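Summary of structural features
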Amino acid sequence: MATFLLAFGALFSIVNPLSGAFIFFGATRELDPKVRAQVSRWVSIYAFSIVAASLYVGAYVLIFFGVSIPVLRVAGGIIVAMSGWRMLNEPDATEQRRSETPNPRSIDVSPSKLAFYPLTMPLTTGPGTISVAISIGAGRPRGLNPALLEFFVETLAAVALLALLVYAFYRNSSRLADLIGPTGTSIVVRLSAFLLFCIGIQILWNGAAELLGTLPLGGAGAS
């Protein structure tokens, strides 16, 4: 169970489905509850697929396209920060707006398409999650042996449990919002958006710091 606990703990701490549920609700609160439930199901499916693919083939894909982890973090950090900034500056859903639009807003886009960007990527499983999953996958046992099979079973179980929790929290995000009330929900959504913006800046900074560390400044100065 050591690999299961390591993988689940690392992935859960960075995905954090509980706080993500309020971000999810803030982005989908004008949708019909049935559509929101379908979107949450697709988010969990996409999250499972992204994390599992990152665990087992992520490193090979990055090598094939010549993309490094620092570059992935810089690009993903920009996207996450922009998403947080957009949510932070959205007008609040006041009672007056709700009375003007008493029925939930319908959408022309299918839930499966709406769920991928930006709800799954990068809000739920962003570059931080992908880099953690790739790091865990890089430590798998080499060769065909029982240890490799145990690694696959335990990490797959960890990813499945994480996706199940994402679905459970996102599916019941409106209930969590009702539990703390409209004012509490507005506060939590704004705080979550600000934290999301900070997370994006942090991911961007980590990637930029790694890239700057690879520059041959010392050699250039010496020459």
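Shown above is the structure to which this text applies.
Worth saying up front: this structure is predicted, and the values here are computed from it rather than measured.

What about the nonpolar core?
Residues L11, V39, V43 and L55 are the most contacted members of the largest nonpolar core, which totals 32 residues. Elements represented by at least two residues in this core include exactly α1 (2-15), α2 (17-28), α3 (33-56), α5 (69-88), α7 (111-120), α8 (127-138), α9 (146-171) and α10 (173-213). The element best represented in this core is α3, accounting for 8 residues. Ranked by size, the runner-up nonpolar core spans 5 residues in total, among them I50, L62, I130 and I134.

Observations concerning the packing of α3 against helix α4 (residues 58-65)
Orientation of α3 relative to α4, taken along the N-to-C sense of each, is 75°, at an axis distance of 4 Å. Relative to α4, α3 is oriented roughly perpendicular. Facing A53, S54 and Y56 of α3, the residues of α4 in contact are G58, A59 and Y60. By residue class, the composition of the contact of α3 with α4 is 4 nonpolar, 2 polar and no charged.

Some points on the packing of aromatic side chains
According to the stated counting rule, one finds 9 aromatic pairs in the structure shown. On the numbers, 5.6 Å between centres and 35° between planes, the contact of W42 with Y46 is tilted. With W42 and Y46 both in helix α3 and 4 residues apart, this pair spans about one turn of that helix.

Some details on α9
What sets the pattern is the α-helix's 3.6 residues per turn: residues three or four places apart point alike. Between its terminal C-alpha atoms α9 stretches 37 Å, which fits the 38 Å expected from 26 residues at 1.5 Å a residue. Within α9, the full set of buried residues consists of L148, F151, E154, T155, A158, V159, L162, A163, V166 and Y170. Those residues of α9 that are buried lie in contact with α1, α2, α3, α8 and α10. Among the residues of α9, the N-terminal cap falls to N145, whose side-chain oxygen and the backbone nitrogen of A147 are separated by 3.2 Å.

Here's the deal with unusual backbone geometry
In this structure, P118 follows Y117 across a cis peptide bond, with omega equal to 0°. Secondary-structure assignment places P118 in helix α7. Looking along the chain, the bond that leaves M121 and enters P122 is cis, with omega of 15°. Inspection of the secondary structure assignment puts P122 in the loop between α7 and α8. In this structure, N16 is a non-glycine residue whose phi angle is positive, near 50°. Classification of N16 by relative accessible area gives partly exposed; the value is 30%.

Examining a nonpolar patch on the surface
A grouping of V57, Y60, V61, F64, F65, V67 and V71 is seen on the molecular surface, where their side chains present a nonpolar patch of about 700 Å² in accessible area. With 4 residues, the single largest contributor to the nonpolar patch is α4. If you trace the backbone, Y60 turns up in helix α4. Judged by its relative accessible area of 48%, Y60 is partly exposed.

So, the packing of α3 against α7
Across the interface, α3 lies against α7 with an axial gap of 8 Å and an inter-helix angle of 60°. Between α3 and α7, the angle falls in the class oblique. Viewed along their axes, α3 and α7 form a crossing whose handedness is right-handed. On the side of α3, the interface is formed by V35, Q38, V39, W42, V43, Y46, A47 and I50, while α7 contributes P111, S112, L114, A115, F116, L119 and T120.

Overview of α7
Among all positions in α7, only P111, A115, P118, L119 and T120 are buried. Summarising the contacts, the buried residues of α7 are in contact with α2, α3 and α5.

Conventions and cut-offs
Residues numbered from 1 in each chain as written. Predicted model: local features only at pLDDT ≥ 70, side-chain atom pairs only at ≥ 80, totals over all residues. Heavy atoms only, no water. Core = buried A, V, L, I, M, F, W, Y, C linked by side-chain atoms within 4.5 Å. Buried < 20%, exposed > 50% of the residue type's maximum accessible area, 1.4 Å probe, protein only. Helix = DSSP H or I, 4+ residues; strand = E, 2+ residues; numbered from the N terminus. Axes fitted to C-alpha atoms, helices over the stretch in contact; angles between N-to-C directions. Parallel < 35°, antiparallel > 145°, perpendicular 65-115°, else oblique. Contact = heavy atoms within 4.5 Å. Nonpolar A, V, L, I, M, F, W, Y, C, P; charged D, E, K, R; others polar. Phe/Tyr/Trp six-rings, centres within 6.5 Å; stacked < 30°, edge-to-face > 60°. Expected span 1.5 Å × (residues − 1). Polar contact = N/O pair within 3.5 Å; in protein donor to acceptor, adjacent residues only side chain to side chain. Patch = residues over 30% accessible without salt bridge, like charges linked within 9 Å, V, L, I, M, F, W, Y side chains within 5 Å. Areas by Shrake-Rupley, 256 points an atom, 1.4 Å probe, with all protein chains shown as cover. Salt bridge = Lys/Arg side-chain N within 4 Å of Asp/Glu carboxyl O. Left-handed = near helix turned anticlockwise from the far one by under 90°.

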